[in-house]
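The chain contents come next:
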Amino acid sequence: GSIVVSHSIEQNRVKINIQDNGIGIDPQDIKKILSTNQFFTTYGTKEEKGTGLGLILAQNFIKKHGGKLEIRSELGKGSTFSFTLPHEKVS
């Protein structure tokens, strides 16, 4: 598959997008993989197991730095993971 990373600056925030063309995530499962209260296992494109722990850690890091994580996905077509963080101009 392919992965495309892009960015934009909107007002005082930087937005990073990571888009893939993998198997996608069922919309009902997105909340599950971001929950620390629920054990959830998924299989990747090569049938490898994944728990989503990396996404939980990323979400916590992003929140602690004043940002937000968003996931958009369509089964069979891939996913886009986006996050924003405050952007300050350095003089």
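Above this text sits the structure in question.
These numbers come from a predicted model, not from an experiment. (Residues numbered from 1 in each chain as written. Predicted model: local features only at pLDDT ≥ 70, side-chain atom pairs only at ≥ 80, totals over all residues. Heavy atoms only, no water.)

## A word on the pattern of salt bridges
Under the defined criterion, the tally for this structure stands at three salt bridges. With its nearest N and O atoms 3.7 Å apart, the salt bridge here joins Glu70 to Lys68. On the basis of relative accessibility, which here comes to 33%, the residue Glu70 falls in the partly exposed class. We note a salt bridge from Lys77 to Glu74, for which the minimum N-O separation is 3.6 Å. (Salt bridge = Lys/Arg side-chain N within 4 Å of Asp/Glu carboxyl O. Buried < 20%, exposed > 50% of the residue type's maximum accessible area, 1.4 Å probe, protein only.)

## Focus on the nonpolar core
Val14, Ile16, Ile25, Ile30, Ile33, Leu34, Ile62, Leu69, Ile71, Phe81 and Leu85 form the largest nonpolar core, which has eleven residues in total. Sorting the residues of this core by element identifies strand 2 (13–20), helix 1 (27–33), strand 5 (68–74) and strand 6 (78–86) as the ones contributing at least two each. Not counting residues up to four positions away in its chain, the partners in contact with Ile30 are Ile25, Ile71 and Ser73. (Core = buried A, V, L, I, M, F, W, Y, C linked by side-chain atoms within 4.5 Å. Helix = DSSP H or I, 4+ residues; strand = E, 2+ residues; numbered from the N terminus. Contact = heavy atoms within 4.5 Å.)

## Looking at the environment of His7
Take His7: it is sitting in strand 1 (residues 3–10). Of the residues examined, His7 reaches a relative accessible area of 58% and is grouped as exposed. Sequence separation of His7 and Ile18 is eleven residues, and the distance between their C-alpha atoms is 8.9 Å. Setting aside anything within four residues of it in sequence, one finds His7 in contact with Lys15 and Ile16.

## Things to note about unusual backbone geometry
Although it is not a glycine, Gln11 sits at a positive phi angle of roughly 55°. When you line up the elements, Gln11 lands in the loop between strand 1 and strand 2.

## Observations regarding the sheet that holds strand 5
Spatial ordering of the open sheet is given by 1-2-6-5, a layout of four strands whose pairing is antiparallel. Each end of this open sheet is capped by a strand with a single partner; those strands are strand 1 and strand 5. Neighbour-to-neighbour, the strand axes of this sheet turn through a mean angle of 15°, independent of strand direction. Note: strand 5 against strand 6, seven bridges, orientation antiparallel. Within strand 6, the position partnered with Leu69 by the bridge is Phe83. (Pairing = 2+ DSSP bridges. Axes fitted to C-alpha atoms, helices over the stretch in contact; angles between N-to-C directions.)

## Side note on the pairing of strand 6
Burial within strand 6 is extensive, with seven of its nine residues counted as buried. Bridge analysis of strand 2 against strand 6 gives seven bridges, and the strand direction is antiparallel. Residue Gln19 lies in a different strand from strand 6, and its bridge partner there is Thr80. Where strand 5 hands over to strand 6, the hairpin turn is made up of three residues, of which Gly76 adopts a positive phi near 80°.

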